[in-house]
Amino acid sequence: MERIDNREVIGQIVRLIATVPGFIFGWVPRGNPGGANISALKPVPLPADLQPLLADSPIWRDVLIRLTIYAVIVLIVLA
């Protein structure tokens with residue numbers, strides 16, 4: 001019989017709702033595993049195997065790219 005972890009379910013629902021603003025503004029730090037037992041805003045050390053992949057990828061650049069994409073989408077929709 002499966003056991004449902006209500007805390008994990010609620011935590012994941014909150015994370016899903018917060019995904020859009022968290023993605024746009026870069027609030028969620030890299031390395032955060034996404035479990036309900038860890039704050040979404042808490043920086044977590046990257047695993048050794050992921051460090052080379054994300055070393056040259058600053059969060060501010062990701063946020064700038066996202067905002068540019070969203071601005072273009074809004075301009076297209078309004079045009």
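Scroll up for the structure.
Note that the structure is predicted; figures quoted are calculated from it, not measured.

J.: Report on the overall build of the chain, specifying residues and quantitative values.
T.: In terms of helices and strands, the chain carries 3 helices and 0 strands. For the chain, the succession of helices and strands along the chain, N to C, is α-α-α. Expressed as a percentage of the 79 residues in the chain, the buried residues total 16%. Within the chain, contacts between residues separated by at least 24 positions form 46% of all contacts whose residues are at least 6 apart in sequence. Just so you have it, the chain exposes about 6,400 Å², and 71% of that area is on carbon and sulfur atoms.

J.: If you had to explain helix α3 (residues 59–78) to someone new, which residues and values would you point to?
T.: The terminal C-alpha atoms of α3, which comprises 20 residues, lie 29 Å apart, in line with the 28 Å expected from a rise of 1.5 Å per residue. Looking at α3, one finds that the buried residues are Asp 62, Val 63 and Arg 66. The arc that holds every buried residue of α3, seen down its axis, measures 95°, which confines them to one face. For α3, the exposed residues set more than 90 degrees away from the buried face come down to Trp 60, Leu 75, Ile 76 and Leu 78.

J.: Describe the environment of Glu 8, with residues and values.
T.: Along the chain, Glu 8 falls in helix α1 (residues 6–25). When its relative accessible area of 29% is taken as the criterion, Glu 8 is described as partly exposed.

J.: I'd like a rundown of a nonpolar patch on the surface, residues and numbers included.
T.: Together, Phe 25, Trp 27, Leu 41, Ile 65, Leu 67, Ile 69, Tyr 70, Ile 73 and Val 77 give the surface a local cluster of nonpolar side chains, amounting to about 890 Å² of exposed area. The element best represented in the nonpolar patch is α3, accounting for 6 residues. Relative to the assigned elements, Phe 25 resides in helix α1.

J.: Could you give an account of the environment of Asp 62, with specific residues and numbers?
T.: Inspection of the secondary structure puts Asp 62 in helix α3. Look at Asp 62 and you get buried, because its relative accessible area is 17%. In sequence terms Asp 62 and Phe 25 are 37 residues apart; their C-alpha atoms lie 9.1 Å from each other.

The rules we used
What you see as residue numbers is a count from 1 along each chain, following the sequence as written. Local features in this predicted model are restricted to residues of pLDDT 70 or higher, and side-chain atom pairs are both shown and tallied only at a pLDDT of 80 or more, whereas totals for entire chains, interfaces and linings draw on every residue. Values reported for side chains reflect all heavy atoms of the structure, with hydrogen atoms and water molecules removed beforehand. Under the DSSP-based scheme used, a helix requires at least four consecutive residues in state H or I and a strand at least two consecutive residues in state E, with every element numbered from the N terminus. Classification of residues uses two cut-offs on accessible area relative to the type maximum, computed with a 1.4 Å probe and protein chains only: under 20% is buried, over 50% is exposed, and between them is partly exposed. The contact rule is simple, with two residues in contact once any of their heavy atoms fall within 4.5 Å. To be clear on the numbers: accessible area is Shrake-Rupley with a 1.4 Å probe, and residue cover counts the displayed protein chains and nothing else. The span one expects for a helix is its residue count, reduced by one, times 1.5 Å. To obtain the arc, one takes the directions from the helix axis to the C-beta atoms. Here a patch means residues that are over 30% exposed by relative accessible area and free of salt bridges, tied together within 9 Å if like-charged and within 5 Å if nonpolar (Val, Leu, Ile, Met, Phe, Trp, Tyr). The term salt bridge refers to a pairing of a side-chain nitrogen on Lys or Arg with a carboxyl oxygen on Asp or Glu at a separation within 4 Å.

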